[in-house]
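# Results of the structural survey
Spelled out, the chains give:
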Amino acid sequence: MAVNENLGRLVDQSAPYWAGEAEVAWTYFQSPRRNRASDLLWLRRQCYKEMWGSGVGDRKKGLFLGPVDHLRKVFPKIDRGVDRHEVLEIIDGLRAEFSHYCLFADIHDYLAGGRLNPRQLESWPADDKLARLRYDYRDKRGQLGYFAVRFTEGGYCSLYATGMRLKGSGELNDRIAHACEKVYADEIGHMRDGFIGLSREKLTRKAWDEIGAMVRKTLLQRIHMRNEQFGFPLPAGRI
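Residues numbered from 1 in each chain as written. Predicted model: local features only at pLDDT ≥ 70, side-chain atom pairs only at ≥ 80, totals over all residues. Heavy atoms only, no water.

A few words now on the pattern of salt bridges. Per the stated rule, a full pass over the model turns up 15 salt bridges. Of the charged contacts, one joins Arg238 and Glu23 as a salt bridge, the two residues approaching to 2.8 Å between their closest N and O atoms. Here Arg238, found in the segment after helix H9 (205–229), pairs with Glu23, found in helix H1 (residues 3–29); they are 215 residues apart in sequence, far enough to count as distant. A salt bridge links Asp109 to Arg115, with the shortest nitrogen-to-oxygen separation between them at 3.7 Å. (Salt bridge = Lys/Arg side-chain N within 4 Å of Asp/Glu carboxyl O. Helix = DSSP H or I, 4+ residues; strand = E, 2+ residues; numbered from the N terminus.)

What follows is the structure, given as structure tokens:
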């Protein structure tokens, strides 16, 4: 089987999980139980993810402090062992991730009528489990674990694609749609580039199968993560 066919098989296996994550968000957005308090909760939780990364950033420093500390360390080595373009890529990534935090934090502030304190953001059990699963794959499964974690990052923008559908249905929903559109534009191209990069790796069928097993388990946990983030709009049986 050609490598591109292996990637296609992995995408086909992942698609139902991405659709499930989207269903969680859309069910919540259309729910009559949705209210100001529940919106503030999922927004705070999304801000936490934009700051810490749920297993895809630095284990202790997250998506913000991790790159900042790394940049501080490599500054004396720029073009003296560390390529300037590598540094620029880190800076661009840091700016993009922090801009995503700002987008959702601004919506939270609009709704709450006050400033969000990023130091008071908290995770939730299903997100903690997702982070542990990813760190376990990164620590114990080597390169294949790394590929699986990267492949599942962002859930193929399922939340953002869903949030964009809210456009035109009220001030708050328009703000959510705008934020989701911005994040989607930043992330979807990077994800697809990552998929192409993975397709070029010289991996055996067995290695692809191992990646697939890790990807499916991670994507299932993403659905549980989203379901808890939004206050369990889907019953366990549906998941």
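Turning next to the environment of Ser199. Its location among the elements puts Ser199 in helix H8 (residues 171–199). A sequence separation of 193 residues divides Ser199 from Asn6, and the C-alpha atoms of the two residues are 7.6 Å apart. In terms of polar contacts, Ser199 uses its side chain to reach the side chain of Asn4, at 3.5 Å. (Polar contact = N/O pair within 3.5 Å; in protein donor to acceptor, adjacent residues only side chain to side chain.)

As a further point, take the confidence of the model for the chain. Per-residue pLDDT for the chain has a mean of 90; in total, 95% of the residues score no lower than 70. Of all helices and strands in the chain, the one with the weakest mean pLDDT is helix H3 (residues 62–74) (78), whereas helix H7 (residues 158–164) scores best (97). (pLDDT = per-residue confidence, 0-100.)

This part is about the packing of aromatic side chains. Applying the stated rule across the entire model yields 15 aromatic pairs. Arranged with centres 6.2 Å apart and planes meeting at 10°, the rings of Trp18 and Phe195 form a pair that is stacked. Of the two residues, Trp18 is situated in helix H1 and Phe195 in helix H8; the sequence distance between them amounts to 177 residues. For the cation-ring pair, Arg165 lies above Trp26, with the distance from its terminal atom to the ring centre recorded as 3.8 Å. Over the face of the ring belonging to Tyr110 we find Arg175, whose NZ or CZ atom lies 3.7 Å from the ring centre. (Phe/Tyr/Trp six-rings, centres within 6.5 Å; stacked < 30°, edge-to-face > 60°. Lys NZ or Arg CZ within 6 Å of the ring centre and 35° of its normal.)

The next subject is a negative patch on the surface. Together, Asp83, Glu86, Glu89 and Asp92 line one region of the surface with negative charge. Tracing the backbone shows Asp92 in helix H4 (residues 84–112). Here Asp92 falls in the partly exposed class, since its relative accessible area comes to 45%. (Patch = residues over 30% accessible without salt bridge, like charges linked within 9 Å, V, L, I, M, F, W, Y side chains within 5 Å. Areas by Shrake-Rupley, 256 points an atom, 1.4 Å probe, with all protein chains shown as cover. Lys, Arg positive; Asp, Glu negative; His and termini not counted. Charge placed at Lys NZ, Arg CZ, Asp CG, Glu CD. Buried < 20%, exposed > 50% of the residue type's maximum accessible area, 1.4 Å probe, protein only.)

By size, the foremost hydrophobic cluster in this structure holds 36 residues, and its most contacted members are Phe29, Trp42, Phe104, Ile176 and Phe230. Those elements that place two or more of their residues in this core are H1, helix H2 (36–52), H4, helix H5 (125–140), H7, H8 and H9. Among the elements that line this core, the one with the most residues is H8, at 8 residues. Filtering out sequence-adjacent residues up to four positions away, Phe104 remains in contact with Trp42, Leu43, Gln46, Cys47, Glu50, Tyr160, Ala179, Cys180 and Val183. Membership of the second largest hydrophobic core comes to 19 residues, among which are Leu10, Leu133, Phe147 and Trp208. (Core = buried A, V, L, I, M, F, W, Y, C linked by side-chain atoms within 4.5 Å. Contact = heavy atoms within 4.5 Å.)

Taken as a whole and judged by the stated rule, the model has 0 disulfides. We note that Cys47 lacks a disulfide partner, and the nearest cysteine sulfur, in Cys102, lies 8.9 Å from it. Cys180 provides the cysteine sulfur closest to Cys157, a residue in no disulfide bond, and the two sulfurs are 9.8 Å apart. What makes Cys157 buried here is its relative accessible area of 0%. (Disulfide = S-S within 2.5 Å.)

Right, let's get into H2. Compared with an ideal rise of 1.5 Å per residue, which puts 17 residues at 24 Å, H2 spans 24 Å between its outermost C-alpha atoms and is within 8% of the ideal. Counting buried positions along H2 yields 12 of 17 residues, so the element is predominantly enclosed. Among the residues of H2, Ser38, Asp39, Leu40, Trp42, Leu43, Arg45, Gln46, Cys47, Tyr48, Lys49, Glu50 and Met51 are the ones counted as buried. Taking the backbone nitrogen of Ala37 as reference, a side-chain oxygen 3.1 Å away marks Asn35 as the first, capping residue of H2. (Expected span 1.5 Å × (residues − 1).)

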